[in-house]
Amino acid sequence: MKRLLCALVCVFMLMGCVGAGGEAPDPEKVAEGALVLMQALMMCPRAQSFEDIPTCELAHEAIRAYRALTQDDESDDKALCALLFADGVCETPDEGEENALLDIQITIDSAIDSGDGLIVVSLTVYADEGYGYEFYCLADIYLKPDPEAPCGARIARLFFPE
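What this report covers is the structure whose coordinates are included nearby. Note that the structure is a prediction, hence the values are computed from the model and not measured.

## Some details on the nonpolar core
Most often, soluble globular proteins have nonpolar side chains that are buried together.
Then, in step 1: Residues Leu41, Met42, Phe85, Ile141 and Leu143 are the most contacted members of the largest nonpolar core, which totals 42 residues.
Then, in step 2: In contact with Met42, other than residues within four places in its own chain, are Leu102, Ile104, Ile106, Leu123, Val125, Cys137, Ala139, Ile141, Leu158 and Phe160.

## Quick notes on the packing of helix H4 (residues 56-70) against helix H5 (residues 77-84)
Then, in step 1: Two elements in contact, H4 and H5, have axes separated by 10 Å at closest approach and are oriented at 95°. Regarding the angle of H4 to H5, the classification is roughly perpendicular. Residues Ala59, His60, Ala62, Ile63, Tyr66 and Arg67 of H4 lie in contact with H5, whose contacting residues are Asp77, Leu80, Cys81, Leu83 and Leu84.
Then, in step 2: Of the residues in the contact of H4 with H5, the class split is eight nonpolar, one polar and two charged.

## Observations concerning the packing of aromatic side chains
Then, in step 1: All chains considered together, the criterion is met by one aromatic pair.
Then, in step 2: Consider the rings of Tyr126 and Phe135, whose centres lie 6.5 Å apart with planes at 80°: the pair is edge-to-face.
Then, in step 3: The ring of Tyr142 carries Arg157 above its face, with NZ or CZ at 4.3 Å from the centroid.

## Remarks on the sheet that holds strand S1 (residues 103-113)
Two pairing modes exist for strands in a sheet, parallel and antiparallel, and in both the strands are linked by backbone hydrogen bonds.
Then, in step 1: The sheet built from four strands is open, its strands ordered S1-S2-S3-S4 with antiparallel pairing. With partners counted over all chains shown, the strands left at the sheet margins are S1 and strand S4 (153-159), one partner each. Direction aside, the axes of adjacent strands within the sheet are offset by 30° on average.
Then, in step 2: As paired strands, strand S2 (residues 119-128) and strand S3 (residues 133-145) are joined by 10 bridges and run antiparallel to one another. Across the sheet, Val121 pairs through a bridge with Ile141, a residue of S3.

## Section: helix H3 (residues 35-42)
Then, in step 1: Counting buried residues along H3, six of its eight residues qualify, which places the element largely inside the surrounding structure.
Then, in step 2: By the burial criterion, the buried members of H3 are Val36, Leu37, Met38, Ala40, Leu41 and Met42.

## Thoughts on H5
Then, in step 1: Inspection of H5 places Leu80, Cys81, Leu83 and Leu84 among the buried residues, and these make up the whole buried set. In an axial view of H5, the angular spread of the buried residues amounts to 160°, which keeps them on one side of the axis.
Then, in step 2: For H5, the secondary structure elements touched by its buried residues are H3, H4 and S4.

## Comments concerning the environment of Met43
Then, in step 1: Structurally, Met43 can be placed in the loop between H3 and H4.
Then, in step 2: Classification of Met43 by relative accessible area gives buried; the value is 11%.
Then, in step 3: Other than its neighbours up to four places away in sequence, Met43 contacts Ala65, Leu69, Leu101, Leu102 and Ile104.

## Describing the pairing of S2
Then, in step 1: Within S2, eight of the 10 residues are buried, leaving the element largely enclosed by the surrounding structure.
Then, in step 2: The pairing of S1 with S2 spans 10 bridges and is classified as antiparallel. Counterpart to Gln105 in the pairing with S2 is Tyr126.
Then, in step 3: What sits between the antiparallel neighbours S1 and S2 is a turn of five residues, in which Gly115 has the positive phi angle 90°.
Then, in step 4: In textbook terms, the turn of a hairpin is the stretch between consecutive antiparallel strands, and for S2 and S3 this stretch comprises four residues, one of which, Gly130, has a positive phi near 110°.

Calculation notes
- Residues numbered from 1 in each chain as written.
- Predicted model: local features only at pLDDT ≥ 70, side-chain atom pairs only at ≥ 80, totals over all residues.
- Heavy atoms only, no water.
- Core = buried A, V, L, I, M, F, W, Y, C linked by side-chain atoms within 4.5 Å.
- Buried < 20%, exposed > 50% of the residue type's maximum accessible area, 1.4 Å probe, protein only.
- Contact = heavy atoms within 4.5 Å.
- Axes fitted to C-alpha atoms, helices over the stretch in contact; angles between N-to-C directions.
- Helix = DSSP H or I, 4+ residues; strand = E, 2+ residues; numbered from the N terminus.
- Parallel < 35°, antiparallel > 145°, perpendicular 65-115°, else oblique.
- Nonpolar A, V, L, I, M, F, W, Y, C, P; charged D, E, K, R; others polar.
- Phe/Tyr/Trp six-rings, centres within 6.5 Å; stacked < 30°, edge-to-face > 60°.
- Lys NZ or Arg CZ within 6 Å of the ring centre and 35° of its normal.
- Pairing = 2+ DSSP bridges.
- Arc of directions from axis to C-beta.

Have a look at this one:
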């Protein structure tokens, strides 16, 4: 009886490991596929205010940056906001001046499955403020994999490590 119970437990554990491994997306592939989303977000001067839900102004900056990167002038703002942000709500921003987008280059340092459905991508960001590309910041972008999204993921959170 103990052997049968032990064998069943081993079979269920093996099935759980095989099933989980087959369903989980490869973090590095998700990060590479979502590179344009991360570039668009990091081009925004307001990105440092992003936590769980982007502010309206940040969402519109990111949409402007995405359009500049992809030459996509056909999609409407709400569709692009849904493309960029996992939980983003796109509203019309208050009238005000638009910030200039940053000229940046990013390097993906690592991409790790966090175990809670998100993939943490660590980036090093370099910005050109007129003197060539210099170190700008380090950032961790939390991607929510979504096979229906054109880039394979949406941005869920942003963290700036100190």
